[in-house]
Amino acid sequence: MSTTQIRPEESGQYSAKAYSAASATSPLAPATIPRRGPGDDDVQIEILFCGICHSDLHTVRGEWGGTIYPCVPGHEIVGRVVSVGSEVTKFKVGDIAAVGCIVDSDRACANCQEGFEQFCPNIIGTYNSPDKQLGGMTYGGYSDSIVVKEHFVLSVPSNLDLAGAAPLLCAGITTYSPLRHWGVTKGKKVGVVGLGGLGHMAVKFAHALGAHVIVFTTSPSKKQDALRLGADDVVLTRDADQTIKHAGSFDFILDTISADHDINAYINLLRRDGNLTLVGASPKPFAVSAFGLLLGRRSLSGSPIGGIPETQEMLDFCGKNNITADVEVIPIQKVNEAYERMLKSDVKYRFSIDMASLRED
Ligand SMILES: [Zn+2]
Ligand SMILES: [Zn+2]
């Protein structure tokens, strides 16, 4: 296997502090992990904050299959550049930089050529993907340090709060990308289904893009928050009358729910040529009525994260509009507790780990 070959950049290999899971049933616990010394096209980042994504929990607990242990999750990374390779041009020591879900791809396929690295057949995820330099698997952002190829490192606008900026790298781009792809602009009527980590970002983005935004939620307690985040109105989905009055009126609906639910009711709210995009991954297949799609030529699609150029565009948009995620900042020692709370949706709206706590650990 070529993955075990010794390469020149391994000469500077060093140890980083991390929180790692030893098995699907083990809690995350302190560990030491190897990181490669920065090569010519690498950026070495001291991690300051890392957001907690539902994917972290699913991967750590082996719920999607394919997790190789030990596993260090985390793909919402913000930090400070501490060294750069000789060929790096976009970053210098001291810059604030970010890393999302992708740390490598083949850079050669049609998707990569067009800046859609998220669809590359040879994509390397920030964690639990084969590590071409060190062998084994890639380790993510629950760590004090990471080394990433310049192409996959993003610039963070200087006005953004760093704890709140971290979740932009997954929750942010996951919602921004489909809103842009489906042409959400001023004057469009946009629905956001669910108000969690993804949904609250979608509301902020759709509002900043000028759309008329309506949030669909089951909980009356979320109404005030939805309005504060930028929604123009809130529909309580348990009240069928409230929903029906919007029939045939939406240009676009973003469905952020990851649990099983009926999507036909939402498809019927779309106008002619309207689109419903899924960004949550329900474990069960949906039953979809063909009539809902036929009548009105409506479409149903999905969307995963975003490519590197669009992720930078999203961060720049956030800089201009002063958008960050609403976060609860925690020390890394509380990460297992945070997972349990996340399962109960007990977070507004994303956890962001302050990595200074790891340095003290
Ligand atoms: Zn994620
Ligand atoms: Zn590719």
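Now for a quick tour of the structure. (Residues numbered from 1 in each chain as written. Chains lettered and ligands numbered in written order. Predicted model: local features only at pLDDT ≥ 70, side-chain atom pairs only at ≥ 80, totals over all residues. Heavy atoms only, no water.)

### A closer look at the coordination of the zinc ion (ligand 1)
Bound to the zinc ion (ligand 1) are the protein donor atoms Cys 53 (SG), His 75 (NE2) and Cys 170 (SG), situated 2.0 to 2.2 Å from the metal. Mapped onto the sequence, the residues coordinating the zinc ion (ligand 1) show the spacing C-x21-H-x94-C. You can see Cys 53 sitting in the loop between strand 3 (42-51) and helix 1 (54-60) and its partner His 75 sitting in the loop between helix 1 and strand 4 (77-84), a full 22 residues away along the chain. For the pair formed by Cys 53 and His 75, the shared burial category is buried. (Donors = N, O, S within 2.8 Å, 3.2 Å for Na, K, Ca; no water. Helix = DSSP H or I, 4+ residues; strand = E, 2+ residues; numbered from the N terminus. Buried < 20%, exposed > 50% of the residue type's maximum accessible area, 1.4 Å probe, protein only.)

### Here's the deal with empty space enclosed by the protein
Unoccupied space between atoms shows up once a probe the size of one water molecule is rolled over them. For the structure on display, the rule yields one cavity of 30 Å³ or more. Residue lining of the largest cavity: Gly 100, Cys 101, Ile 102, Leu 154, Leu 169, Ile 173, Ile 305, Gly 306, Ile 308 and Thr 311, and that is the complete set. Here the lining of the largest cavity is composed, by residue class, of seven nonpolar, three polar and no charged. (1 Å grid on protein atoms, 1.4 Å probe; cavity = no way out; pocket = protein on both sides within 12 Å on 5 of 7 lines; lining within 4 Å. Points joined across faces, edges and corners; volume = space filled by probe spheres on them. Nonpolar A, V, L, I, M, F, W, Y, C, P; charged D, E, K, R; others polar.)

### Here's the deal with the packing of aromatic side chains
As enumerated under the stated definition, the model contains six aromatic pairs in all. With centroids separated by 6.2 Å and ring planes inclined at 55°, the aromatic side chains of Phe 205 and Phe 317 adopt a geometry described as tilted. Taken together, the residues Phe 205 in helix 5 (residues 197-208) and Phe 317 in helix 10 (residues 308-321) connect sequence positions 112 residues apart. Accessibility assignment for this pair places Phe 205 and Phe 317 in one class, buried. Pairwise contacts between aromatic rings join Tyr 176, Phe 205 and Phe 317 into one cluster. Directly above the ring of Phe 250 sits Lys 189, whose terminal nitrogen or CZ lies 4.7 Å from the centroid. (Phe/Tyr/Trp six-rings, centres within 6.5 Å; stacked < 30°, edge-to-face > 60°. Lys NZ or Arg CZ within 6 Å of the ring centre and 35° of its normal.)

### Considering the pairing of strand 16 (residues 327-331)
Two faces make up the sheet, and in a regular strand the side chains alternate between them. Alignment of strand 16 against strand 17 (residues 350-354), held across five bridges, turns out to be parallel. Residue pairing in the sheet places Ile 330 in a bridge with Ile 353 of strand 17. In this view, the connection linking strand 16 to its parallel neighbour strand 17 by way of helix 11 (residues 335-343) has right-handed handedness. (Pairing = 2+ DSSP bridges. Right-handed = clockwise from strand over helix to strand, strands pointing away.)

### A closer look at the sheet that holds strand 13 (residues 250-255)
Spatially, 12-11-10-13-14-15 is the arrangement adopted by the six strands of the open sheet, whose pairing is parallel. The sheet is open, and its two borders are formed by strand 12 (233-236) and strand 15 (299-302), each paired with just one other strand. Ignoring strand direction, the axes of neighbouring strands in this sheet form an average angle of 20°. Across five bridges, strand 10 (residues 189-193) lies against strand 11 (residues 212-217) in parallel orientation. The residue of strand 11 that forms the bridge with Val 193 is Phe 216. This element, helix 4 (residues 171-181), spans strand 10, strand 13 and strand 14 (270-278) of the sheet and lies at about 160° to strand 13. (Axes fitted to C-alpha atoms, helices over the stretch in contact; angles between N-to-C directions. Contact = heavy atoms within 4.5 Å.)

### So, the environment of Phe 317
With relative accessibility at 14%, the residue Phe 317 sits in the buried group. Placed 112 residues apart in sequence, Phe 317 and Phe 205 show a C-alpha to C-alpha distance of 9.0 Å. Excluding residues within four positions of it along the chain, Phe 317 makes contact with Tyr 176, Phe 205, Ala 208, Leu 209 and Ile 323.

### What to know about the side chain of Arg 350
The topology assignment puts Arg 350 in strand 17. Residue Arg 350 is classed as buried on the basis of its relative accessible area, which comes to 4%. Within the structure, Arg 350 has its side chain in polar contact with the backbone oxygen of Ile 52 (distance 3.4 Å). The residues contacting Arg 350, other than those within four sequence positions of it, are Ile 52, Cys 53, His 54, Glu 76, Pro 167, Cys 170, Ala 171, Gly 197, Asp 326, Val 327 and Glu 328. (Polar contact = N/O pair within 3.5 Å; in protein donor to acceptor, adjacent residues only side chain to side chain.)

### Overview of the coordination of the zinc ion (ligand 2)
Summarising the metal site, the zinc ion (ligand 2) is bound by the protein donors Asp 106 (OD), Cys 109 (SG), Cys 112 (SG) and Cys 120 (SG), whose distances to it range over 2.1 to 2.3 Å. Geometry at the zinc ion (ligand 2) is tetrahedral, judged from its four donor atoms and the angles of 100 to 119° they form at the metal. Mapped onto the sequence, the residues coordinating the zinc ion (ligand 2) show the spacing D-x2-C-x2-C-x7-C. Judged by relative accessible area, which is 27%, Asp 106 ranks as partly exposed. Note on Cys 109: relative accessible area 15%, which makes it buried. (Tetrahedral: all angles 85-135°; square planar, octahedral: opposite > 155°, others 65-115°.)

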